[in-house]
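# Remarks on the overall topology
Spelled out, the chains give:
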Amino acid sequence: MSETATDLLPGEPKPARRPVLNTSGRVERLRKIALWLSLLPLAAVPLYLDGSWLIIGILGMATAIGAIGLTLLVGTAGQLSLAHSFFVAVGAYAYAYAAGDPAGGGVEGLGLPSALAALIAIVASGLAGLLFSPVSARLKGVYLGVASLALVFIGDHVLKNATPVTGGYNGREVAPLSVGGFELSGGSPDLWVLGVPYGGRERLWYLALAVLVLAVVAASRIARNRPGRALQLMRDNPAAAGSMGVPVQRYKAAVFTYSSVFAGTAGVLTALAFEFIVPQYFTLELSISYLTMTIIGGLGSVAGAVAGGLFVTALPLLLERFTGSLGFLAAPGSGGLDAAMLSRFAFGALLVLVLICEPGGLAVLSRRLRRRS
Amino acid sequence: MKALQLLLLGLSLGSIYSLIALGFVAIYKGTKVINMAHGSILLTGAYVVAMLSPHVGFLAAAAAGVVAAAVGAIVVERLVSAARTTDHLVLTTLTIGVDVLLATELTHRIGSSVLTMGDPWKDRQTEIMGTVLPQARIGATAVSVLIIAAFFLVFHKTNFGVRMRASADDPRTAALMGIDQRRVALASWAIGGGLACVAGIFLAAFPNPGLDQTAGLIALNAIPAIIIGGLDSTEGAVLGGLIVGVTQTLVDGNASSLHFLGEGFGTVAPYVVMLLVLLWRPSGLLGSKELNRV
Amino acid sequence: MNVLRLQRISLRFGGVRALDDLSFTVEPGTVHALIGPNGAGKSSCFNVISGHYHPDDGSVSFGDEDITQLSPHQIARRGVGRAFQNIALSAHETVLDNLMVARHRLTRSGFVATSLGLPRVRHEERRHRERVMEIARFVGLGEKFDRPAGALAYGDRKRVELARALSSEPELLLLDEPAAGMPTHEKWEIAHLVVSVRDALGISVLLVEHDMPMVMAIADRVTVLDFGRRIADGTPTEVQRSPEVIAAYLGSSPGPEEPENAAARRTRSETS
Ligand SMILES: Nc1ncnc2c1ncn2[C@@H]1O[C@H](COP(=O)(O)OP(=O)(O)OP(=O)(O)O)[C@@H](O)[C@H]1O
Ligand SMILES: [Mg+2]
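Residues numbered from 1 in each chain as written. Chains lettered and ligands numbered in written order. Predicted model: local features only at pLDDT ≥ 70, side-chain atom pairs only at ≥ 80, totals over all residues. Heavy atoms only, no water.

Here the focus is the overall build of chain C. A tally of helices and strands in chain C yields 11 helices and 10 strands. A compact globule built from 272 residues would reach a C-alpha radius of gyration of about 19 Å, and chain C, at 19 Å, matches this within 12%. Taking the principal axes of the C-alpha coordinates as reference, chain C spans close to 60 × 40 × 35 Å. Put simply, chain C has 272 residues, and 59% of those count as buried. Here chain C has roughly 10700 Å² of accessible surface; of this, 51% comes from carbon and sulfur atoms. Side chains of chain C give 33 positive and 36 negative charges; the mean places of these two sets differ by 4 Å. (Helix = DSSP H or I, 4+ residues; strand = E, 2+ residues; numbered from the N terminus. Rg over C-alpha atoms; globule rule 2.2 N^0.38 Å. Buried < 20%, exposed > 50% of the residue type's maximum accessible area, 1.4 Å probe, protein only. Areas by Shrake-Rupley, 256 points an atom, 1.4 Å probe, with all protein chains shown as cover. Lys, Arg positive; Asp, Glu negative; His and termini not counted. Charge placed at Lys NZ, Arg CZ, Asp CG, Glu CD.)

This part takes up the coordination of the magnesium ion (ligand 2). Protein coordination at the magnesium ion (ligand 2): the donors are Ser-43 of chain C (OG) and Gln-85 of chain C (OE1), at 1.9 to 2.2 Å from the metal. In this pair, Ser-43 of chain C is assigned in helix α1 (residues 42-49) and Gln-85 of chain C in the loop between β6 (80-83) and α3 (95-100), connecting sequence segments 42 residues apart. (Donors = N, O, S within 2.8 Å, 3.2 Å for Na, K, Ca; no water.)

What follows covers the pairing of strand β3 (residues 31-35) of chain C. Within a regular strand, side chains alternate between the sheet's two faces. Residue and element names in this part refer to chain C. Within β3, 5 of the 5 residues are buried, leaving the element largely enclosed by the surrounding structure. Taking every second residue as pointing to the same face, both faces of β3 are buried, with Val-31, Ala-33 and Ile-35 on one and His-32 and Leu-34 on the other. Alignment of β3 against strand β8 (residues 204-208), held across 4 bridges, turns out to be parallel. Looking at β8, one finds that His-32 is bridged to Leu-206. Alignment of β3 against strand β9 (residues 221-226), held across 4 bridges, turns out to be parallel. (Pairing = 2+ DSSP bridges.)

Many authors give the size of an interface as the accessible area that is lost as the parts come together. Tallying the contact residues gives 51 residues for chain C and 43 residues for chain A. Both sides of the chain C and chain A interface together cover about 4200 Å² of buried area, and 60% of this is carbon and sulfur. On the surface where chain C and chain A come into contact, there are 3 salt bridges. A salt bridge links Glu-93 of chain C to Arg-235 of chain A, with the nearest nitrogen and oxygen atoms 3.0 Å apart. On the surface where chain C and chain A come into contact, there are 12 residue pairs in polar contact (both at pLDDT 80 or more). Ranked by residues supplied to the side of chain C that touches chain A, first place goes to helix α5 (residues 119-138) of chain C with 11 residues. Tallied by class, residues from the side of chain C that touches chain A come to 19 nonpolar, 13 polar and 19 charged. (Contact = heavy atoms within 4.5 Å. Buried area = accessible area lost by both parts, 1.4 Å probe. Salt bridge = Lys/Arg side-chain N within 4 Å of Asp/Glu carboxyl O. Polar contact = N/O pair within 3.5 Å; in protein donor to acceptor, adjacent residues only side chain to side chain. Nonpolar A, V, L, I, M, F, W, Y, C, P; charged D, E, K, R; others polar.)

Residues and elements named next belong to chain C. One open sheet accounts for 4 strands, arranged β2-β1-β4-β5; its pairing is antiparallel. For this open sheet the edge positions go to β2 (16-26) and β5 (65-66), each flanked by a neighbour on one side alone. Across 5 bridges, the pairing between strand β1 (residues 4-13) and strand β4 (residues 57-62) is antiparallel. Across the sheet, Arg-5 pairs through a bridge with Ser-61, a residue of β4. Its contacts with the sheet put α1 on β1, β2 and β4, and the angle it makes with β1 is roughly 115 degrees. (Axes fitted to C-alpha atoms, helices over the stretch in contact; angles between N-to-C directions.)

All right, on to the environment of His-104 of chain C then. If you trace the backbone, His-104 of chain C turns up in the loop between α3 and α4 (111-116). On the accessibility criterion, His-104 of chain C (4% relative accessible area) is buried. If we skip the residues at most four places from it in the chain, His-104 of chain C touches Arg-226, Ala-230, Met-244, Gly-245, Val-246, Pro-247 and Tyr-251 of chain A.

Positive charge collects at one region of the surface, where Arg-26, Arg-29, Lys-32 and Arg-224 of chain A together with Arg-122 and Arg-126 of chain C lie side by side. Broken down by secondary-structure element, the contributors of at least two residues to the positive patch are α2 (22-37) of chain A together with α5 of chain C. With 3 residues, α2 of chain A is the largest single contributor of residues to the positive patch. Positionally, Arg-29 of chain A belongs in helix α2. On the basis of relative accessibility, which here comes to 57%, the residue Arg-29 of chain A falls in the exposed class. (Patch = residues over 30% accessible without salt bridge, like charges linked within 9 Å, V, L, I, M, F, W, Y side chains within 5 Å.)

Note: most peptide bonds trans; most residues except glycine with negative phi. Omega for the bond connecting Phe-206 of chain B with Pro-207 of chain B falls within 30 degrees of zero, at 5 degrees, which places this linkage in the cis form. Tracing the backbone through its elements, the reader meets Pro-207 of chain B in the loop between α8 (181-204) and α9 (216-219). One non-glycine residue, Glu-169 of chain C, lies in the positive phi region at around 50 degrees. Its location among the elements puts Glu-169 of chain C in the loop between α6 (154-167) and β7 (172-176).

What follows deals with the confidence of the model for chain C. All names here are of chain C. On average, residues of chain C score 89 in pLDDT, and 92% of them are at 70 or above. Between residues 252-272, whose pLDDT stays under 50, and residues either more than four places distant or in other chains, the model counts 27 contacts. For this predicted complex, the interface confidence score (ipTM) comes to 0.93, while the overall pTM stands at 0.92. (pLDDT = per-residue confidence, 0-100.)

Next up on the list: the domain arrangement of chain C. Residue and element names in this part refer to chain C. Under the domain assignment used here, chain C contains domain 1 (1-79 + 170-272) and domain 2 (89-169). Across the boundary between the two partners, domain 1 contributes 22 residues, which contact 12 residues of domain 2. Buried area between domain 1 and domain 2, both sides added, is near 1300 Å², and the carbon and sulfur share of it is 67%. At the boundary of domain 1 and domain 2, one finds 2 salt bridges. Note that Arg-159 is salt-bridged to Glu-186, the shortest N-O span being 3.5 Å. Viewed at the interface, domain 2 and domain 1 are joined by 5 residue pairs in polar contact (both at pLDDT 80 or more). (Domains from an automatic or database assignment.)

Residue and element names in this part refer to chain C. The strand order across the open sheet formed by 6 strands is β6-β7-β8-β3-β9-β10, and the pairing between neighbours is mixed. Two strands in the sheet have a free side with no partner beyond their single neighbour: β6 and β10 (229-234). The average angle at which neighbouring strand axes cross in this sheet is 15 degrees, direction not considered. Here β9 pairs with β10 via 5 bridges, running antiparallel. Bridge pairing in β10 places Thr-223 opposite Asp-233.

The next thing to look at is empty space enclosed by the protein. Regions of empty space are outlined by a rolling probe, equal in size to a water molecule, passed over the atoms. Counting across every chain of the model gives 3 cavities of 30 Å³ or more. The space that makes up the largest cavity amounts to roughly 70 Å³. As for the largest cavity, its lining consists of Arg-226 and Arg-229 of chain A together with Met-100, Val-101, Arg-103, His-104, Thr-107, Ser-109, Val-121, Glu-124, Glu-125 and His-128 of chain C. Among the elements of the structure, α11 (226-236) of chain A together with α5 of chain C are those that each provide at least two residues to the lining of the largest cavity. Looking at the lining of the largest cavity element by element, the count peaks at 4 residues for α5 of chain C. Here the residues of the lining of the largest cavity are counted per class, giving 3 nonpolar, 4 polar and 5 charged. (1 Å grid on protein atoms, 1.4 Å probe; cavity = no way out; pocket = protein on both sides within 12 Å on 5 of 7 lines; lining within 4 Å. Points joined across faces, edges and corners; volume = space filled by probe spheres on them.)

According to the stated counting rule, one finds 17 aromatic pairs over all chains in the structure shown. Ring geometry for Tyr-251 of chain A versus Phe-111 of chain C: centroids 5.6 Å apart, planes at 45 degrees, classification tilted. Residue Tyr-251 of chain A is located in helix α13 (residues 248-274), and its partner Phe-111 of chain C is located in helix α4; the two belong to separate chains. Judged by relative accessible area, Tyr-251 of chain A falls into the buried class, the value being 6%. Taking 5.3 Å as the distance between ring centres and 45 degrees as the angle between the ring planes, the aromatic pair formed by Tyr-258 of chain A and Phe-111 of chain C counts as tilted. Of the two residues, Tyr-258 of chain A is situated in helix α13 and Phe-111 of chain C in helix α4; the pairing between them involves two chains. Given a relative accessible area of 12%, Tyr-258 of chain A falls into the buried group. Residue Phe-111 of chain C is classed as buried on the basis of its relative accessible area, which comes to 13%. The lysine or arginine in question, Lys-32 of chain B, covers the ring of Tyr-28 of chain B, its NZ or CZ lying 5.6 Å from the ring centre. (Phe/Tyr/Trp six-rings, centres within 6.5 Å; stacked < 30°, edge-to-face > 60°. Lys NZ or Arg CZ within 6 Å of the ring centre and 35° of its normal.)

All names here are of chain C. Structurally, Thr-30 is set in the loop between β2 and β3. In this structure the side chain of Thr-30 is engaged in a polar contact, spanning 2.7 Å, whose partner is the backbone oxygen of Glu-27. Discounting residues that sit within four places of it in the chain, Thr-30 has contacts with Arg-198, Ser-204, Val-205 and Asp-220.

In structure tokens, the structure reads:
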């Protein structure tokens, strides 16, 4: 042991003598290639499915982006937030306001180019997260979770009362996103691909997919590298994190801000998909849905957040579509067991079951299955 | 006179919130979990009271409701302790799951109806100190004061209370001293549930029209109360409850002059106060500052 | 090289005087042992030095700088590393990740650069990974880099704790019972390690340890605490002869080698 001590000199790290973790590096690369290849069929989906199906996928992908941000905050950093819906709302409304027609009847807008508006909206949600840092930096875990409820209720109040900007109870319209005259969430100019008309939803599918890929890549990098390691230790032992040189308060504020950027991005895409936004969507229930996605997927797992986001968004929409053929479901609003209610039961039960039986969620389950095979 | 009336109304509303907040804190002290299903438990209790009251009378129905809410809380506690983790974040999230289940079922059952308790006070009012107050609120205040006094008496003076406080302050040592943590946990949840139901009954009474399916959210008004007072302080819960009640009533009562803050600002005002308190004292007015023990 | 100087430190927890008018100095390039019965205030003293507790009275200086009121990360950045008595690792993360986190003060990549995957992020990562692996081998962890820290045996987890503190490239290393609970031969391995940390790396070590033979063998200087007060300070031989020390160890509480007591201490420390 002591013979190695002599070549261990303090100071600059030395280059490797031999590549370490060589085999797992190769496996890693193969997995990456497989993942990228799996995007090909996803890119072909709009050729085969019509808009009413695509919208489910678009909303699912948009939500998954928000869930990724939340899983970093709650899972990686151990900071609970129930305010995710607030930051989703900031993104959605900031976009709608910035891109909105200044002359639009009753509801104001800045009339900015929509691509710029989208950027502004994402920055705005990040800023909103940053503004909350006097609180988010000082509170820990569950305590932050309950404190963040304030944002949900105050946000809801603002959405309903700042009528000139938000449209109040009645909501406001969302302008389509276009880059250089080409709409990414609308139908102009006409576009045909392999004989299939590419309207707003077909185009938005690609936008959502692209942003989702970016979000996955960025978040995985965070989780695997310096910031993620600091967050993990901060979660497991804040005192130790401090002694390793991690400025714990700054990191708490930073990860909160970072996750609100993801929420804001989800908000912009959600708004584009809905084309019209109302405050009744951005409630505590939405925050809880986001939390459900990250739990089902496995706290701290980026892939799990994507799976959870798609599942939680798609289930009620799919059930609703199949209400007719599923004999046991009542029509929505009839007072019987309808699609929304059934999926709420499912989510509640899943939350409880996952946390009781496998707090690691899907991520741990799939890891275990892979190991067994 | 209007100011005094609002203040008294606010204090009486605050005493109801104090009951909910005290329940939160009891559960938190007993098990370090923030019971996010508290609202649904409150509504479960109130639902049972509303269903039974026309048949068996108010008092019997109220007793049954309190028992139902306590049992509901115990069920949540059992689920929480079935989890294979002691991570409070995970356990608190679990109670959110329970809340989703309960709230969905209750929403389904209650539908569009409004739950009324059949309480003896009805909409009668009484004149006190030159102000007119609903009798239900006077009753609420009296009952809350009694319950809170009893709670503190038990908590500070009895053997059981000592055991509860001991395991709240230092669970390991308490366990070494032979204190049965499970019984302490069950008791604190049962108390929390029972208190929530009592609060629910009074929240449904005059001048409120009754409870609808969203009433579970009202219990969330106790969240600013416990954060203002300090999550681990029973005295703080009472103080926080009163602050929230008074704030809300004063803002609602002056709605016309506060119109620029938007419609229904009263329900949001407690959260604003909470944020201000957090900026000033992150662990609340009476909460103890948490030291990272290394 | 910087001198660590504690001057008249007092620290109270309610009625408990954890530290009482404590002063001592750690000279550069030495192994300085801090010993005393259970509850004497050794870990509290570490917490004061590393900024987790701020003393009610007195000052801590490192080199020319007063560090009494700095926060833990600021003190870490000045080159004070620390290994904790109660293993404070991320149990689910790999050994490598647990060690890499200690490079925090030596690395730059923040949220934005990392999200963008800038080349310098990858470059930094690679360089520091190599260095950290060297350190892991140095403390005798072999090639267990990819194992979750929580899955290792107790002795190995203690080594990860030590390797992590070393990975921050400290100038002064605070080791709180690095060999506690290990079998004798492993204890001596740790003792050798501590000596080579001083000799080969030139790092000063402030060491808390209950194993007297080990302390006497490797310490250059010893400070003895009892009820938060310094009752002796000097070379190992001087200290061993001090009547107060003998009284403290034989009197109030059982000696540090008493197995029952060691077990009690371990349960206490692992529960907190
Ligand atoms: N955060 C705290 N709150 C209250 N009391 C504390 C705290 N930290 C330490 N103490 C008390 O201070 C005294 C000194 O404790 P400390 O952990 O420093 O002892 P130690 O010498 O490290 O003991 P051991 O050999 O058992 O590790 C003890 O009485 C302990 O209970
Ligand atoms: Mg100690």
